Amino acid sequence: MNSTLQIRIDKQTKEKAGKIFRKMGIDTSSGIKMFLSQVVHTGAIPFTPTTQNGFSKKREREIIAETKAAIRAGKRYRDIRMRTPIS
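Residues numbered from 1 in each chain as written. Predicted model: local features only at pLDDT ≥ 70, side-chain atom pairs only at ≥ 80, totals over all residues. Heavy atoms only, no water.

1. Points about the pattern of salt bridges
Under the definition given, this model contains three salt bridges. For the salt bridge of lysine 11 with glutamate 15, the shortest nitrogen-to-oxygen distance reads 3.9 Å. Within this pair, lysine 11 and its partner glutamate 15 are both found in helix 1 (residues 11-23), separated by four residues, close to a single helical turn. Put simply, glutamate 62 and arginine 59 hold a salt bridge, and the shortest N to O gap is 3.1 Å. Placement of both glutamate 62 and arginine 59 in helix 3 (residues 57-73) is noted, with a separation of three residues, approximately one turn of the helix. Accessibility expressed as a relative area gives 32% for glutamate 62, which makes it partly exposed. (Salt bridge = Lys/Arg side-chain N within 4 Å of Asp/Glu carboxyl O. Helix = DSSP H or I, 4+ residues; strand = E, 2+ residues; numbered from the N terminus. Buried < 20%, exposed > 50% of the residue type's maximum accessible area, 1.4 Å probe, protein only.)

Set out below in structure tokens:
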């Protein structure tokens, strides 16, 4: 038995996604069905959600906590990824 799913999404996102799906040779409904099928198949979201900065939410919170601790301790770093202290 089939079921109907209704979602609300802004027009711009719907149009952009539809354009990408059409380039793939499928319609938006099929693209959404593929997404949901992958969720069922993997038991998870089929991609890693990231913040605007490209980190997982957990990693971003860790970076913020490390930065606050470094500021309190008076430490400064050249590069957060390398954690290279400034001499």
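2. Overview of the layout of surface pockets
In this structure, the largest pocket spans a volume of roughly 230 Å³. Lining the largest pocket are Asn2, Ser3, Thr4, Leu5, Ser29, Ile32, Lys33 and Leu36. Looking at the lining of the largest pocket residue by residue, the class counts come to three nonpolar, four polar and one charged. (1 Å grid on protein atoms, 1.4 Å probe; cavity = no way out; pocket = protein on both sides within 12 Å on 5 of 7 lines; lining within 4 Å. Points joined across faces, edges and corners; volume = space filled by probe spheres on them. Nonpolar A, V, L, I, M, F, W, Y, C, P; charged D, E, K, R; others polar.)

3. Topic: a nonpolar patch on the surface
On the surface, a nonpolar cluster with roughly 750 Å² of combined accessible area is contributed by Leu5, Ile7, Ile9, Ile32, Phe35, Leu36, Ile45 and Phe47. Here isoleucine 45 is to be found in the loop between helix 2 (28-42) and helix 3. (Patch = residues over 30% accessible without salt bridge, like charges linked within 9 Å, V, L, I, M, F, W, Y side chains within 5 Å. Areas by Shrake-Rupley, 256 points an atom, 1.4 Å probe, with all protein chains shown as cover.)

4. Description of helix 1
Because an α-helix completes one turn every 3.6 residues, residues spaced three or four positions apart along the sequence face the same direction. Between the first and last C-alpha of helix 1 there are 19 Å, a value that for 13 residues agrees with the 18 Å anticipated at 1.5 Å per step. The positive-phi residue at the C-terminal boundary of helix 1 is glycine 25, with phi of around 85°. (Expected span 1.5 Å × (residues − 1).)

5. Structural notes on the side chain of glutamate 60
Checked against the element boundaries, glutamate 60 lands in helix 3. An unpaired buried charge is present at glutamate 60: no salt bridge exists, and lysine 57, the closest side chain of opposite charge, is 4.2 Å distant. Polar side-chain contacts of glutamate 60 include one of 2.6 Å to the side chain of threonine 51. If we ignore the near neighbours within four places in the chain, the residues touching glutamate 60 are Thr51, Asn53 and Phe55. (Lys, Arg positive; Asp, Glu negative; His and termini not counted. Polar contact = N/O pair within 3.5 Å; in protein donor to acceptor, adjacent residues only side chain to side chain. Contact = heavy atoms within 4.5 Å.)

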